[in-house]
Number of protein chains: 4
Amino acid sequence: MTIQIALLGAGRIGKVHARAIAATPGVALAAVADAMPEAAEAISAAYGAPALSIDQIEADDSIAAVIICTPTPTHADLIERFVKAKKAVFCEKPIDLSVERVRACLDVVRAENGTLMLGFNRRFDPHFRAVRKAIDDGAIGDVEMVQIVSRDPAPPPPAYVMASGGIFRDMTIHDFDMARFLLGEEIDSVMASASSLVDPEIGKAGDYDSASIILTTASGRQCSISNSRRATFGYDQRIEVLGSLGSVAAENQRPVSIEIANAKGFQRPPLYDFFMTRYVEAYAAEIAAFAAALQDGVPASPGGDDGLKALVIAEAALKSVREGRRVAISEI
Amino acid sequence: MTIQIALLGAGRIGKVHARAIAATPGVALAAVADAMPEAAEAISAAYGAPALSIDQIEADDSIAAVIICTPTPTHADLIERFVKAKKAVFCEKPIDLSVERVRACLDVVRAENGTLMLGFNRRFDPHFRAVRKAIDDGAIGDVEMVQIVSRDPAPPPPAYVMASGGIFRDMTIHDFDMARFLLGEEIDSVMASASSLVDPEIGKAGDYDSASIILTTASGRQCSISNSRRATFGYDQRIEVLGSLGSVAAENQRPVSIEIANAKGFQRPPLYDFFMTRYVEAYAAEIAAFAAALQDGVPASPGGDDGLKALVIAEAALKSVREGRRVAISEI
Amino acid sequence: MTIQIALLGAGRIGKVHARAIAATPGVALAAVADAMPEAAEAISAAYGAPALSIDQIEADDSIAAVIICTPTPTHADLIERFVKAKKAVFCEKPIDLSVERVRACLDVVRAENGTLMLGFNRRFDPHFRAVRKAIDDGAIGDVEMVQIVSRDPAPPPPAYVMASGGIFRDMTIHDFDMARFLLGEEIDSVMASASSLVDPEIGKAGDYDSASIILTTASGRQCSISNSRRATFGYDQRIEVLGSLGSVAAENQRPVSIEIANAKGFQRPPLYDFFMTRYVEAYAAEIAAFAAALQDGVPASPGGDDGLKALVIAEAALKSVREGRRVAISEI
Amino acid sequence: MTIQIALLGAGRIGKVHARAIAATPGVALAAVADAMPEAAEAISAAYGAPALSIDQIEADDSIAAVIICTPTPTHADLIERFVKAKKAVFCEKPIDLSVERVRACLDVVRAENGTLMLGFNRRFDPHFRAVRKAIDDGAIGDVEMVQIVSRDPAPPPPAYVMASGGIFRDMTIHDFDMARFLLGEEIDSVMASASSLVDPEIGKAGDYDSASIILTTASGRQCSISNSRRATFGYDQRIEVLGSLGSVAAENQRPVSIEIANAKGFQRPPLYDFFMTRYVEAYAAEIAAFAAALQDGVPASPGGDDGLKALVIAEAALKSVREGRRVAISEI
C-alpha cells in the first residue's frame, strides 16, 4: 500500500525532498505546508499534492509520515507534535541548537515510541557508503585513523552564520556524524583549533570559518577533520580511512570529467559547486531509506540519537577551541 | 502548451524514454503501443498513459510526436507513416540496415517536410558534450586527430549479432557518429581491420568482435576507433581529440569512485557495466532536446542525414575489411 | 672482470650512454671517438677516458665492446667493421634506412657470429616493462588489441626530417618495435593513413607529421598506433593492451606531479618535454642490459633482427599510405 | 675549484650521500670515516676516497666540509668540533634529542661563525618544492591551511623506537619542518593526540605509532598532520595547502605507474616502500644545494635554527599529548 507523506516546509531542501518522494516507489506526496503560500503552491502545482495547513496535515489520518524542512527553531516542536500524532517523522538536521532541548525532544519521541529519522544525507552518498561497505567487508582491517576534508565553496552571509549556531553545529556536524559512521566506536574526546581567515565578518560575529579538529575514541582511534568556508575550486568533500590492512578513500565528485591539455599543462573542470548537486543521489537515497523503513516496519536510521551525539561533539569542539584543551564528550 | 508524445515500442529502451518523457517539463506521455500487450500495460500502469494501437495513435490529432523504439526492421516504415501523419518523429538508430532503404525513407521525410531526430544518445552525454564544447571554444585549436575507444562489457548472443547487421552497423555506428560530431569535417575514406577474437560463434556468423578503424577527412584529419565486444572491467567508452593547441579527453565513468589500498596496491571498482546506466543522463538529455526542438520549432538534431552518413561509413568499413583497401565514402 | 667499452659518437645520445656506462657496475668507459674533437674531449674530460680514433679503438684488444651513436649512414659499416674486429656492438637504431643494406649487414653479423644489440630504449622503460610483465604473468589473458599513442612535443626541423627517412622509419619505428614487444606474435599486415597537419614544410619535403596505423597479426590481433609530431602538453607516450581477461596500461610520465586547484579547475603541469628526460631510466637500463649480456655471455636483446623487422614494418606502412591498401609484411 | 668533502659515517644514509657527492659537479669525496672499518672501506673502494680517522679528517686543511651521518648522540659534538676546525658542516637531523643540547651547539656554531646545514631532505623533493613554488608564485593566494599525511610503510623495531626519541622527535619532525616550510609563518601552538594502534610493543616502550597534530600560527593559520607507523600500501607522503585563491597538492609517488583492469576493477601497484627510494632525488638535490652554498659563499639552508625549531615543536606536541591541552611554543 502506498504510504502518504506530507512535506512541512517548501523551501530549497523541501523541493529536493518533494522530487525524491515523487521518484520513490511505494510512497506518495500527500500534502505540502509552508508559511509562505506561494512556496507551497509551487510544489503543489508540480506534483499534484494539495497545499494544506500544518493543522490539516496533523488531523489527516491517511497521512502516515511527515518530512520536516522548516526553519531549525521549529524542528523540535514539530517533531514532538507529529510523533504524538502517531506519524513517522523525517527531520532535517539539527533537531535544535540546544543540547538540552534535543534531549527533551528525544524523551518525547521515546515516550511516544515514535519514529524519527535525521537528515544526515551524506551517509547515503553512494561513494561514502562504498567506503563504509569496504570497512564492513574487512577490506582494510581494523579502523585506525579517519581523515575528513570538508569545505564549502564560499562562505555564507554573516546573517546565516548567526542563526546557524556556528560552524561546528551547522557545518562540521555532518563531519562529526560521518566520523561516527566510519570509526566504528563512539567519540571519547575532542581537540579543536579554529580561526576566521576567510571572512572577517564571520569572526566579528563570534564564529570561525577555518577549523581543524581531532576526535579520539577510547581505544585511541583518531579522526582528523579539516573545514573551511571557502574552496574556490568547488565543494570539497573527501574521506579517507586508514586501517590495519590498508586504506579506503572517496575522492571528490565533479559534474564533468574531461581533461584539457595544452602548453600550460592538464586542466580538469572544478568540482560541484553546491551541496544539492553534489549530494543529489544521497538525497534521493535517504528518502528511499525512510520509505523502506516505514514499509518494512524497521527502525529508521540515522535516528534522533545520532543527531544528539553529533551535536554534543559540536559542543565539545567549541569548548575545546575556547578553553584550549582536550574536552571529554562526557563533560557535555 | 504541453506536447503529447506517444511511445511506439515498450521494451528496454522504451522504458528509458518513458521515464525521460515523464521527467521532462512541457511534454507528456500520451500513449504507448507495443505488439506485446503486457509490455505496453507495464508502462501504461507506471505513467498513467493509455496503451493504444499504432492505428489509434496515428489517428489521434492531439498527439504531436512519436518515439520509435520498435525492432529495427519496422523503423523506416513507421517513420514514413508518422511523418505522413504530420507527427514529429524521434527514432532509435538505425533507420534501417540498408543504405538504399534509408535513402528512400529520408526522401519521404523531406517530401513531407517532416521532423526526424535520430537516437545517437552519446552526443548528449555531458562529458562528450564538454569535449565538443572545448573544441568549439577553441581550447585545442584546429582538430587534427580523434581517438575513440568503445568496448562492450561482454559479447551479445550470436542471434543478436545476426539480426544486428554486424559490428559496424550495430556498435561502431555510434563511434562513426561521434567521429563526425568531433572532427568538424566529413569523413572521406575508411580503412578497417577486424577479426573474431572474443567469441568464435560471432566469427562463424560472419561477423567480427574486434575491430580497428581509421577514418580520414579530405584535409587529412584522422580518427582512430578501437572496438571490442569484451572488456571485463566494464563499459569502456573514451574519446580524445588532439588539436593544434592541445588535446581534450573524456575519461571513463564509473558508478562508485572509491579507491582501496593494501599491500597489493590501489584498487578502484569497475566501470559501469551497461549502456543504460552509463548513458542515463544522455538518454534524458536527448529527449529533452527533442522536446525543446518541438517547443521552439527548430530542427531536431541529429537528424535523418546523420543516421544515413553513419550507416554509409559502416558500409565502407565493412568493404574495407573485406577488400583490404582504403574505401572512399563516395563509393557507397 | 670489468668490461671495457668504447663510445663511437660523442653527441647528445653519446653523452647519455657515457653517463650510463659510468654508472653501471662491471663496465668502464675505455675510450671515446668523434669526428669533432671537442665533442670527444668533453666526454673524455668528464669521465677520464681517452679520446681515440676509430682505428685506435678497433686495434685495442682490451676493448671488448663499442656503442655506436654516430650518424645513421655510418651505422651499418661500423657494425660490420667491429663485429669483424670481434667486439660486441650496441648500435642506436636504425641500422640503416635501406632494408637491403640492413639485411646485408645482418648477414655479416651472422657470419662473424657477432653480438649486436639495437637501441630500442623503450623496451627498458620501467613502466612499459611492467606492462609486458603483466602480460607475461597472465594478468590480462590472451593479448587481443594494443593501443599506442606516441607524439613528439614539437616537430623537428625540415632538414632533420629529410635525413631521417621519414616519420615511419624515424619515429614510428619505436612504436613498431613496441607493438612486436607486446603483441606476442609477428605482424602480418599493415594499414596506414598519414598526412601533414602540423608543419607544411614537412609535407613539402614529402613526409608526414600525423599518422594512424593498424597492424594485424595472422591470428587477428590488432595494434593501433597514433602519431603526431606535435603535442603542446609534452612528450605523449602511452601504451595500453586489451586481453581476454582485462587490460593493462602505462600512463604518461611527468617530471612534477602536483595539482593546483582554483576557480578555473584543477591544473597539473605538462609532461616531460624531451625523450632524454622521459626515458632517462630506460637509457640506463638498456646499457645495464648490454653489460649484463656481455658479462653473462648471453645474447643481447633486442638484436639486429628486431631492428630489421621494425624497419620492414615501416616500409610496409609507407607503402600502405601510398597505395591505399593493406600491405602484407611478406611483400617487403 | 673542486671542494673536498669528507663523509663521517658510512652507513645506509652515508652511502646515499657518497653517491650524491660523486654525482655533483664541483665537489669531490675526499675521505670517509667510520667506527667500523669495513663500512668505510666499502665506500672507499666504490668511490676511490681514502678511509681516514676523524682526527685525520679534522687535521686535513684540504678538506673544506664534512657530512655527518654518524649516530645521533655524536651529532652535536661533531658539529662543534668541525665548525671549530673551520669546516662547513652538513648534518643529518636531529642535532640532538635534547633541546638544551641543541641550543648549546648552535651557540658554538654562531660563536665560530660556522656553516651548518641540516638534512631536512624533503624540502628538496621536486614535488614538494613545486608546491612551495606555487605558493611563492601566488597561485593559491594567502596560505590558510596545510594538510600533511606522513606514514611509514611498517613500524620500526622497538629498539629503534627507544633510541629515536619517540615518534615526534624522529618521524613527525620532518612534518614539523615541512609545515614551517609551507605555512609562511612560525608555529605558535600545538595540539596533539597520539596512541599505539599498530604495535603494542611501541606502546609498552612509552611511544606512540599513530598521531594527529594541529599546529596553529599567531594569525590563525592551521596545519594538520596525520602520522602512522604503518601503511601497507607503501610510503604515504602527501601534502596539500589551501589558500585564499585555491589549493596545491603533491600526490604520492610510485616506482611503476601502470594500471591493470579486470573484472574486479582497476589496480595500480603500491607506492615506494622506503624513504631512500622515495626521496632519491631529494637526497641528491640537498647535497647539490650544500655544494652550491659552499661554492657561492651563501648561507646553507635549512640551517641549525630550522633543526632547533622543529625539535621544539616536537617537544610541544609531546607535552600536548601528555597534558591534554594546547601547548604554546613559547613554553618549551
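The name that an unreviewed UniProt entry assigns to chain A is Inositol 2-dehydrogenase, with the source organism given as Martelella endophytica. Within the UniProt record for chain A, the comment given under Sequence similarities (unreviewed entry) is "Belongs to the Gfo/Idh/MocA family."

S.K.: Explain the relation of the copies chain D and chain A to me, please; I cannot follow it from the model alone.
M.R.: Both copies of the chain are related by a screw-like operation: a rotation about an axis and a shift along it. The operation relating chain D to chain A is a screw motion whose rotation component is 180 degrees, with 0.0 Å of axial translation and a residual RMSD of 0.0 Å. Within this description, the copies of the chain are treated as partners about a two-fold rotation axis. Residue Arg 325 of chain D, judged by its C-alpha, is the member of chain D lying nearest the rotation axis, at 1.9 Å. Most of the interface of chain D is mirrored in chain A: 100% of its interface residues are interface residues there too.

S.K.: For this particular structure, what's the right way to read the interface of chain D and chain C?
M.R.: Interface size, as often reported, equals the accessible area lost upon joining of the parts. Residue-level contacts link 23 residues of chain D with 23 residues of chain C. Between chain D and chain C, a total of about 1500 Å² is buried, with carbon and sulfur atoms accounting for 53% of that surface. Contact with chain C buries surface across chain D, with Ser 257, Ile 258 and Ile 260 of chain D losing the most and accounting together for 28% of the total. Taken together, chain D and chain C are joined by zero salt bridges. Counting across the interface, chain D meets chain C through eight residue pairs in polar contact (both at pLDDT 80 or more). Within the residue set of the side of chain D that touches chain C, elements represented by two or more residues are α6 (126–136), β11 (246–250) and β12 (258–262) of chain D. Per-class residue counts for the side of chain D that touches chain C are 15 nonpolar, six polar and two charged.

S.K.: Just to check I follow, could you spell out the pattern of salt bridges for this structure?
M.R.: Between side chains of opposite charge, a pair can form as their charged atoms come close. One pass over the full model with this rule turns up 125 salt bridges over all chains. Between Arg 81 of chain B and Asp 55 of chain B there is a salt bridge, and its shortest N-O distance comes to 2.3 Å. Taken as a pair, Arg 81 of chain B in helix α4 (residues 75–84) and Asp 55 of chain B in helix α3 (residues 54–59) lie far apart in primary sequence, 26 residues in all. Of the charged contacts in the structure, one is a salt bridge between Glu 186 of chain C and Lys 309 of chain C, with a shortest N-O distance of 3.6 Å. Taken together, the residues Glu 186 of chain C in the loop between α8 (167–183) and β7 (187–195) and Lys 309 of chain C in helix α12 (residues 304–323) connect sequence positions 123 residues apart.

S.K.: Explain the interface of chain D and chain A to me, please; I cannot follow it from the model alone.
M.R.: Across the boundary between the two partners, chain D contributes 40 residues, which contact 40 residues of chain A. Where chain D abuts chain A, roughly 3100 Å² becomes buried across the two surfaces, and 49% of that area is made up of carbon and sulfur atoms. Summed over the shared surface of chain D and chain A, the result is six salt bridges. Close ionic contact of Arg 151 of chain D with Glu 240 of chain A constitutes a salt bridge, the shortest N to O distance being 3.4 Å. Linking chain D to chain A there are 24 residue pairs in polar contact (both at pLDDT 80 or more).

Procedures and definitions
Within each chain, residue numbers correspond to sequence positions counted from 1 in written order. Here every chain gets a letter starting at A, and every ligand a number starting at 1, in the order they are written. Totals for whole chains, interfaces and linings use every residue, but because this is a predicted model, local features are given only for residues with pLDDT of at least 70 and side-chain atom pairs only at 80 or more, for both listing and counting. In computing side-chain properties, one takes all heavy atoms of the structure into account and sets aside hydrogens as well as water. UniProt positions are given in the numbering used here, feature names are shortened, and annotations may be inferred rather than shown by experiment. Alignment of the copies relies on least squares applied to C-alpha atoms, considering only residues that score at least 70 for pLDDT in both. What makes two residues a contact is simply this: any of their non-hydrogen atoms within 4.5 Å. What gets called buried area is simply the loss in accessible area from a 1.4 Å probe that two parts show on being joined, summed for both. Salt bridge criterion: a side-chain nitrogen from Lys or Arg within 4 Å of a carboxyl oxygen from Asp or Glu. Residues adjacent in sequence count toward polar contacts only when both atoms are side-chain atoms; beyond that, a polar contact is any pair of N or O atoms within 3.5 Å, and within protein one must be able to donate a hydrogen and the other to accept it. Helix numbering and strand numbering both begin at the N terminus, where a helix is a DSSP run of H or I of at least 4 residues and a strand a DSSP run of E of at least 2. The nonpolar class holds Ala, Val, Leu, Ile, Met, Phe, Trp, Tyr, Cys and Pro. Asp, Glu, Lys and Arg form the charged class, and all remaining residues, Gly among them, are polar.

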